[in-house]
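# Working through the structure, step by step
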Amino acid sequence: MTNNKSVLAWLDEMKELVTPDEVVWIDGSEEQLESLRKQACETGEMIKLNQEKLPGCYLHRTAINDVARVEGRTFICSRKEEDAGPTNHWMEPQGAYKMLFNIARGSYKGRTMYVIPYSMGPIGSPLAKIGLEVTDSIYVVLNMAIMTRVGQAVLDVLGDSEDWVKGLHCKCNIEEENRYICHFPEDNYIISVNSGYGGNVLLGKKCFALRIASYLGKNEGWMAEHMLILGIENPQGEVKYVTAAFPSACGKTNLAMLIPPEGYRNKGYKVWTVGDDIAWMRQGADGKLYAINPENGFFGVAPGTNMKSNPNALISTQKGTIFTNVAHNLDDNTVWWEGLDKNPPENALDWTGEPWNGKTSEKKGAHPNSRFTAPAKNCPCISPEFDKGEGVPVSAIIFGGRRAQTTPLVYQSRDWNNGVFVGSIMASETTAAATGAVGVVRRDPMAMLPFCGYHMGDYFQHWFEMGEKLGENAPKIFNVNWFRLDSEGHFLWPGFGDNFRVLEWILKRCEGKVDAKETAIGYVPYAEDINLEGIQDFDIETLKSILEVDKAAWAKEAEGIEEFYKQFGDKLPQELRNQLETLKKNCAE
């Protein structure tokens, strides 16, 4: 498959360490993948679903103690502890290697070692990066074949280069107390032991595409961000692109696959999905910022996905998809999850494999973090640019969170540096929906809190440096909040497809086609400039109320920001302190 000396030397080390019975290189061919699927069904690792209703689809159940990413067992093993920063767990690298290799030693005995060469981003793209993952799990191989580009073509592009990321995954015995997901940013190395669950073991995803890539981006002058990428086409056929970062449970996938309101569709507006989760962004030859989606599939949360909330996501799962920890409908050999429809199966197995009657059981059929791994090409609105390696030019970067009060529906930062401040204070709060009571505010800067592979203070500084580099070509930065509540806890803004109306205003601002009102926090729309045509049960007075900026509320917000910033100590860029002082001053006027 390859004569690359650095690859072969590492694989020799791995073979000696984990002692597999045999070694299989993943060449990316359909024949090989099909034989692995067959093998996984024979051992019970996967269940083949109804091939008429769900062609090429399979079900997998993880161990009951292994159902989500485990932030408490996720480490950044930088040489200096201070380089990991206060938002990461740190482990000294030499000690970590020793411990991990001891856990991994001999763990492939009686098992096969699969070697997966994979590309994050279109193969050969100047924005792409290459990794090799060694695993003893067919489930991992089949998921990586959906989520990334795998096979011989990746090795051909790599050639003799040493610029690739090592990934060792060992299922071991899936022991919780010995589960570790460790990143060695200076060594381009990821090691995961004692897990078989998606985010812990598909090492191309959060481990490489965010934690390692964010560190590479800082050193190489580009950005790896937890962002969707979306194209908006107007009736004249012009497409403008935006990226957006949201904490979990803020409708990120729904926005990535948004369907515009009927009135817009009738006029010829379209939305194109480039990516639903991760964006790698680099300055192009023309000085603008370009983004690629380094992934090749969607690893989405199943519960709540339905034909109303996100039809494009649901359609994406109807062929060639692996479902993890959902309910298995035994009547027709299909799958079900909470929120799919109002007709749960009665003759089913729940996500643990126990008999389950969805009409009478108190238990959930699918795990709340159950997943689908679906090929991106299945998505009805996948962008024609998806496989093009040059990336798409970014007009706007959008931040967002879930706030019951305080934050308006949309506002624009005053400039790039103010936009970095807006991203750094991103937050969501838990809401007791029935009462409209405001819960605890959790800050998640740029939605990167669990995924930044180095000190977050340095990460903020890198954003400022990118802004300097981009200059007048920098995208405009905005913040949205779809989640304002009234006094009884009801959402004020209709959301979903109607969020397109806000995107339209954002693009008009980028093109200088519409004015805005300056406030203490930035530029807010004039209500008349957001098109409300065709919205049911919503009027301009309500819109005005969710565009208001309450200085007293923001003065209180500033106190919370100051408290949050303390953890970054001397590493907090002075520019963020200045931005906070400006906010306080604006709120006091």
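Refer to the structure printed above.
This text gives an overview of the structure that appears in the document. (Residues numbered from 1 in each chain as written. Predicted model: local features only at pLDDT ≥ 70, side-chain atom pairs only at ≥ 80, totals over all residues. Heavy atoms only, no water.)

## A few points about the pattern of salt bridges
Inclusion rule: Salt bridge, as applied in this entry: a Lys or Arg side-chain nitrogen positioned within 4 Å of an Asp or Glu carboxyl oxygen. Secondary structure elements are defined from DSSP: runs of H or I of at least 4 residues count as helices, runs of E of at least 2 residues count as strands, and each element is numbered from the N terminus. Relative accessibility decides the category of a residue: with a 1.4 Å probe and only protein chains considered, values under 20% of the type maximum give buried, values over 50% give exposed, and everything between is partly exposed.
For the structure on display, the rule yields 30 salt bridges. The shortest N-O distance in the salt bridge between Lys129 and Glu220 comes to 3.0 Å. Of this pair, Lys129 sits in strand β7 (residues 129–135) while Glu220 sits in helix α8 (residues 204–220), and the two are 91 residues apart along the sequence. Of the residues examined, Glu220 reaches a relative accessible area of 38% and is grouped as partly exposed. A salt bridge links Lys544 to Glu528, with the nearest nitrogen and oxygen atoms 3.9 Å apart. On the criterion of sequence distance, the pair formed by Lys544 in helix α15 (residues 540–545) and Glu528 in the loop between β31 (523–524) and α15 is long-range, its members being 16 residues apart. Overall, Lys544 belongs to the partly exposed group, its relative accessible area being 35%. Overlapping salt bridges, with partners in common, bring together Lys205, Lys206, Lys252, Asp277 and Glu295 in one network.

## Concerning the nonpolar core
For the record, the criterion: By nonpolar core we mean a set of buried residues, namely Ala, Val, Leu, Ile, Met, Phe, Trp, Tyr and Cys, connected to one another through side-chain atoms within 4.5 Å. Every residue pair with non-hydrogen atoms within 4.5 Å of one another is taken to be in contact.
If you look at the biggest cluster of nonpolar residues, it comprises 156 residues, and the most contacted ones within it are Trp280, Phe323, Phe399, Trp463, Trp493, Leu543 and Tyr565. With near-sequence residues (within four places) excluded, Tyr565 lies in contact with Phe421, Ser424, Ile425, Leu572, Leu576 and Leu580. Counting residues in each nonpolar core, the second largest holds 32 residues, with Tyr108, Val115, Ile130 and Val154 among its members.

## Concerning helix α1 (residues 5–18)
How we decide: The span expected for a helix works out to 1.5 Å for each residue beyond the first. The arc under discussion is defined with respect to the helix axis, by the directions toward the C-beta atoms.
End to end, α1 covers 20 Å across 14 residues, agreeing with the expected 20 Å (1.5 Å per residue, within 8%). Residues of α1 that are buried include every one of Ser6, Val7, Trp10, Leu11, Met14, Leu17 and Val18, and no others. All buried residues of α1 lie within an arc of 125 degrees about the axis, which places them on one face of the element. Projecting away from the buried face of α1 at angles above 90 degrees are the exposed residues Lys5 and Glu16. Once α1 ends, the next one or two residues include Thr19, with phi positive near 45 degrees.

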